[in-house]
Amino acid sequence: MIEAYRVQHSHHKLPTKGGIRYAETVNEDEVKALAALMSYKCAVLNVPFGGGKGGVRINTSKYDSRTLERITRRYTMELIKKNFIGPAQDVPAPDYGTGPREMAWIYSTYQEFHPGSINAAACVTGKPLTQSGIIGRNEATGLGLMYGLREVCCFREDMQALGLSPGLEGKRVVVQGLGNVGYHSAKFLQEQGAIIIGIAEYEGGLFDENGLDVDAVYHHRRATKSILNFGRARNIKNSRELLEWDCDILVPAALEGQITEENAPRIKARIVGEGANGPVTAEAEEILTRRNIMVVPDMYLNAGGVTVSYFEWLKNLARVSFGRMDRRYNEMNNRRLVEAIEKASGVSLSAEMKKEIVKGAGERDLVYSGLEDGMVTAYHNIRETKLQKKTPNLRTAAFVVALDRIAANYIELGLFP
Ligand SMILES: NC(=O)c1ccc[n+]([C@@H]2O[C@H](COP(=O)([O-])OP(=O)(O)OC[C@H]3O[C@@H](n4cnc5c(N)ncnc54)[C@H](O)[C@@H]3O)[C@@H](O)[C@H]2O)c1
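Residues numbered from 1 in each chain as written. Predicted model: local features only at pLDDT ≥ 70, side-chain atom pairs only at ≥ 80, totals over all residues.

Observations concerning the overall build of the protein
Of the regular secondary structure elements, the protein holds 14 helices and 11 strands. In terms of overall size, the protein behaves like a compact globule, its C-alpha atoms giving a radius of gyration of 22 Å where 417 residues would be expected to give roughly 22 Å. Sorting the 417 residues of the protein into buried and exposed places 47% on the buried side. In the protein, 67% of the contacts between residues at least 6 apart in sequence involve partners at least 24 apart. (Helix = DSSP H or I, 4+ residues; strand = E, 2+ residues; numbered from the N terminus. Rg over C-alpha atoms; globule rule 2.2 N^0.38 Å. Buried ≥ 20, exposed ≤ 12 C-beta atoms within 10 Å, placed from the backbone. Contact = placed C-beta atoms within 7 Å.)

Have a look at this one:
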């Protein structure tokens, strides 16, 4: 017998949207809380979905791929029977313990029961690219986190109040969890000049004051099945110690409840960027706020995944491709376009103009720029609200933004009958 859940928190917008988690810790309360968080997250980013969430209480390492497939398809069947999945009802996505593989199984099962449906692909997001997925969904949450922290760090006066210099460049970062969110967050932060001095996984952690090469650590862990013993980096046996390490930014990107009233007094980071959902407990946040440590809340900072899921859903509904899937193909086509323009107009374009056209806009450019725009705008909304309403922290301000928008929906829609 396997316990599984799907929760829909608010129908102010439909479909509801939220990931499916596979973990031994899954329980009804957790799924309910995560579904509520999804409502607020979508509202903060102005993504027109209600909140939903799913969970299957299993330890994935105990099952082979065949059995995981059977579990996923069985779970999807239950969702279909109860009308808890569909492009207009409820659209799942990946979360802890699931990825594109599981999403493909869900899509395939749904399709079996909806023959002839022309938008069946929009029943789930985070699918593989070959199965109507979208470029950029895999890295979306980590990329969005980087855009968010970049925006946070660009306000000179806010950084001064924390005793930090503006910008991501040179910021010393510790990341917990090297999964989808943690790996991509670390990678994109590193690309912006941040120094990843520590990475914590459940089997242990690594520390290197000069910075860890995120890609190399990721491949090392995949090859050796452990993060430990990487180059000259120092092994940290108890990886929880890394949460309390001296750094500028701490990114907990594994599971909830990692920073509690017990360890909050010892946190040395100046900024805590919530990659995971709920990594800082309410009691811990009070302590961090009192200690002038800025917590950038999950409902904003890890909303990149659902934002790009929205683009994938739109793409599936419209049955279009957002530009060329393949950059080389895109460039080849654009070169032809340049030739055609020159031939038709009889004018030869400048080298600069040709370069611009050839580069063009592929699906990746559209997804990345859409995500960037969403993250930047949302941070400005939250920061303005914090200043205007004098909220104690960014989370309260984000709640005000989200609840105002959701309330406006309910009020404007009214009651029926
Ligand atoms: N995937 C998404 O798009 C997405 C979007 C928003 C929020 N989130 C949230 O981000 C968190 C991580 O999700 P994910 O998709 O990256 O999951 P994942 O399964 O890809 O990765 C999680 C990683 O955390 C590690 N981990 C587990 N326990 C740990 C511990 N005690 N200490 C250190 N590392 C530990 C795991 O080994 C794994 O590598 C979850 O809270 C999830 O709800 C995910």
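A closer look at the domain arrangement of the protein
The domain architecture assigned to the protein consists of domain 1 (4–130), domain 2 (134–322 + 361–417) and domain 3 (324–360). Using only C-alpha atoms to locate each centre, domain 1 and domain 3 end up separated by 41 Å. (Domains from an automatic or database assignment.)

Thoughts on the site of the ligand
The environment of the ligand is formed by 24 residues, the closest being G177, G179, A254, A276 and G305. For the shell around the ligand, the secondary structure elements donating two or more residues are helix 6 (180–191) and strand 6 (195–201). Take the shell around the ligand: its biggest share by element is three residues, from helix 6. Here the residues of the shell around the ligand sort into 10 nonpolar, 12 polar and two charged. For the shell around the ligand, the domains that each give at least three residues are domain 1 (4–130) and domain 2 (134–322 + 361–417). (Near = placed C-beta within 6 Å. Nonpolar A, V, L, I, M, F, W, Y, C, P; charged D, E, K, R; others polar.)

Section: the UniProt feature "active site" (unreviewed entry) in the protein
Sequence positions flagged by UniProt for "active site" (unreviewed entry) are, in local numbering, K53. Along the chain, K53 falls in strand 3 (residues 50–56). Among the residues examined, K53 registers 30 C-beta atoms within 10 Å and is labelled buried. In contact with K53, other than residues within four places in its own chain, are V7, G18, G19, V31, L34, A35 and M38. (UniProt positions renumbered as here; feature names shortened; annotations may be inferred.)

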